[in-house]
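Tertiary structure, described
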Amino acid sequence: MIIGGSASQNLAAKVANLLHDRLCPIETHKFPDGERYIRIKGEIPDEVVVIQSTGYPQDENFMELFLIIKTLKDIGADKVKAVIPYLGYSRQDKRFKPGEAVSVKIIAELLEAAGADEVFSVNLHEHNIIKFFNIPAHELSAIPLLAKHLSPMVDDPIIVAPDKGALAHAKTMAEIIGCEYDYMEKVRISPEKVETRLKSFDVEGRSAIIVDDIISTGGTIVNAARILRSQGANDIKVACVHAVLVDDALLKIFSVGVDDVIATDTIKSEVSRVSVAPLIVEALKWD
Ligand code: R5P
């Protein structure tokens, strides 16, 4: 049986449909003071899959997830698999300054304390986050799905990683599409500001695809697109897994000449055109 939290209702329905499994009805709402309410309706089998993404509002989505998992255990589930398509708090995966919370480690501990028996997530900010879980935890990659979606839309493009962290994604995408790839070097000045080093690319009159795991403020993509446009790229597409899209991120991206932005539905957004449902379905079939 599949249960979708309020952040992932559509995705949960797609997964249930593909698995020919039952979608459990759930009631969720917010009390007038902001606290969350959940009620699971119907019979609970031994094994339940909960799908809940944890983008904005992160705290509410996590709280809802904890409430669902714990309630399932309380009312009879033996095993709860938590599918968290976008794992919020992942960027605070170290104590960068003394006294800081290692937030994602605490999230991992809370999931386990709530009763999660296994966790699945898509393109973690760092693969090393897996080590914070004491229960089986799996990272799935949506890059092949994005590559297959983009492949018929482009002709001999160059795939560009806007920073070194995205280089492996660019390589995977280039191997699937059958084209070349390269990367840029980026320095983060603050959560809102990044600087990207100028570099020459063979993009004159060609298509380029910028690929990254997350678009948050859009600064990383804006810098990369400006560089590619100034070097003559005639079509720039952006592919990302998690469309976090803070404020007017999309507007900023389109205003520097990006032609198209394609994201997955790990987070619901107006550019979420590739569903990760088939990826989740395959992972749920593992033993
Ligand atoms: C960084 O490590 C990530 O891969 C993304 O490049 C980053 O989160 C994008 O952030 P923004 O859109 O705010 O530049």
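Preceding this section is the structure that the text describes.
Okay, so let's go over this structure. (Residues numbered from 1 in each chain as written. Predicted model: local features only at pLDDT ≥ 70, side-chain atom pairs only at ≥ 80, totals over all residues. Heavy atoms only, no water.)

Turning our eyes to something else, we now look at unusual backbone geometry. In this model, Y56 is joined to P57 through a cis peptide bond whose omega is -5°. With respect to the element layout, P57 can be found in the loop between β4 (47–51) and α2 (58–74). One non-glycine residue, D247, lies in the positive phi region at around 45°. Within the secondary structure, D247 is located in the loop between β13 (235–243) and α7 (249–255). (Helix = DSSP H or I, 4+ residues; strand = E, 2+ residues; numbered from the N terminus.)

So, on to the pattern of salt bridges. Counted by the stated rule, this structure contains 23 salt bridges. For D93, the salt bridge identified is with K94, shortest N-O distance 4.0 Å. On the accessibility criterion, D93 (11% relative accessible area) is buried. Its salt-bridge partner being D163, residue K186 comes within 2.8 Å of it at the nearest N-O pair. Separated by 23 residues along the polypeptide, K186 in strand β10 (residues 186–190) and D163 in the loop between β8 (158–161) and α5 (167–177) bring together distant segments of the chain. With relative accessibility at 13%, the residue D163 sits in the buried group. Overlapping salt bridges, with partners in common, bring together K30, R36, E60 and E64 in one network. (Salt bridge = Lys/Arg side-chain N within 4 Å of Asp/Glu carboxyl O. Buried < 20%, exposed > 50% of the residue type's maximum accessible area, 1.4 Å probe, protein only.)

What follows deals with the sheet that holds strand β7 (residues 137–140). Taken together, five strands build an open sheet; the order of strands is β1-β4-β5-β6-β7 and the sheet is parallel. The open sheet terminates on both sides in strands that have one partner only, identified here as β1 (2–4) and β7. With strand direction ignored, the average angle separating the axes of adjacent strands in the sheet is 20°. With four bridges connecting them, strand β6 (residues 118–122) and β7 associate as parallel partners. What sits directly across from F120, in β7, is H138. (Pairing = 2+ DSSP bridges. Axes fitted to C-alpha atoms, helices over the stretch in contact; angles between N-to-C directions.)

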